[in-house]
Amino acid sequence: MDKNKLIRENLQYHLNNSIQLFKGKFLFPNLLKKELESIESIEWEGSSNIELEKFKKERQLKLIDLLNDKNLHDQLDYTIRQLVDVKDSFYQDYIENQLINNFSLIASNISNENNLKLNVLFLEHDYEEEACFCGFEDQDYKFKLLSGQEYLEFNYEKELFNGVGNFDYTMLLKPFLELEEAIDEDKLDVINDALVQGDYLEEVKKLFFLNSFLGIHLSLNKIKGKIRQTKIPMHNEVFVFANEHDCEQLNVFVL
């Protein structure tokens, strides 16, 4: 079984699926229309009808304003179409340099008093554009292709390192970050408040992260030999995952 072929196909599938969702189900005007249609079904327990009707009216006006904001729709559509080409040499160099630097940093700072060997590795980001590396040993771990909607089960008690390094996603997220800068904070709040289904812009950001994971996969495939030459103690297979902190993981590569 070619695990990395399966991982690459899985990442590409999720990326393609997300792009299609933003052209259909997640198309911003479609979400707004769905919210408008569901306003009358909103119910509150223990609140007066006057308060509820006032809330519905205010919500309806916000949604209509957003629905009529053609410039905003164009900005969102344009951003989604601007996913960076992670196969391009510029972005591959950007990713590779960071990976080499981070693995070298881990190798030079690792303290392994328990003689553990790495086989489960996470590239974990938080709310910002930066990620760190967390490494564990779990000899009982068996390869499983994750859907991005479940948590990986592994032995987190055998830890080699945690919160080490700094992988900067900024260049890979640049079109999304420019979108955030272009929309003023008041409008951002309105967008987030208007959609009960969740934070629309966070979903766009997740799309850019997913594209970045594919870029990391491609880069690791090219530099896996160099990483294996570092002084990090590793098992024959090191399973690499990426995720937001405390959120579901996705397979990225097997070193």
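Described in the following lines is the structure provided in the data block. (Residues numbered from 1 in each chain as written. Predicted model: local features only at pLDDT ≥ 70, side-chain atom pairs only at ≥ 80, totals over all residues. Heavy atoms only, no water.)

**Quick notes on the packing of aromatic side chains**
Item 1. Overall, the coordinates contain 15 aromatic pairs when judged by the stated rule.
Item 2. With a centroid separation of 5.7 Å and 65° between ring planes, the pair formed by Phe 22 and Phe 26 is classed as edge-to-face.
Item 3. Overall, the relative accessible area of 5% leaves Phe 22 in the buried class.
Item 4. Classification of Phe 26 by relative accessible area gives partly exposed; the value is 23%.
Item 5. An angle of 85° between the planes, with centres 5.8 Å apart, marks the rings of Phe 22 and Tyr 200 as edge-to-face. With Phe 22 in helix H1 (residues 3-23) and Tyr 200 in helix H8 (residues 200-228), the pair connects residues that are 178 residues apart, well separated along the chain.
Item 6. Joined through ring pairs, the aromatic side chains of Phe 122, Phe 136, Tyr 141, Phe 143, Phe 239 and Phe 241 make up one cluster.
Item 7. The lysine or arginine in question, Lys 3, covers the ring of Phe 143, its NZ or CZ lying 5.9 Å from the ring centre. (Phe/Tyr/Trp six-rings, centres within 6.5 Å; stacked < 30°, edge-to-face > 60°. Buried < 20%, exposed > 50% of the residue type's maximum accessible area, 1.4 Å probe, protein only. Helix = DSSP H or I, 4+ residues; strand = E, 2+ residues; numbered from the N terminus. Lys NZ or Arg CZ within 6 Å of the ring centre and 35° of its normal.)

**Brief notes about a nonpolar patch on the surface**
Item 1. A surface patch of nonpolar side chains, about 290 Å² in accessible area, is lined by Met 1, Leu 6 and Leu 145.
Item 2. Inspection of the secondary structure assignment puts Leu 6 in helix H1. (Patch = residues over 30% accessible without salt bridge, like charges linked within 9 Å, V, L, I, M, F, W, Y side chains within 5 Å. Areas by Shrake-Rupley, 256 points an atom, 1.4 Å probe, with all protein chains shown as cover. Salt bridge = Lys/Arg side-chain N within 4 Å of Asp/Glu carboxyl O.)

**Describing the state of the cysteines**
Think of a disulfide as a covalent bridge from one cysteine sulfur atom to another cysteine sulfur atom.
Item 1. Across all of its chains, the model carries 0 disulfides by this definition.
Item 2. With no disulfide of its own, Cys 132 has Cys 134 as its nearest cysteine by sulfur position, at a separation of 4.3 Å. (Disulfide = S-S within 2.5 Å.)

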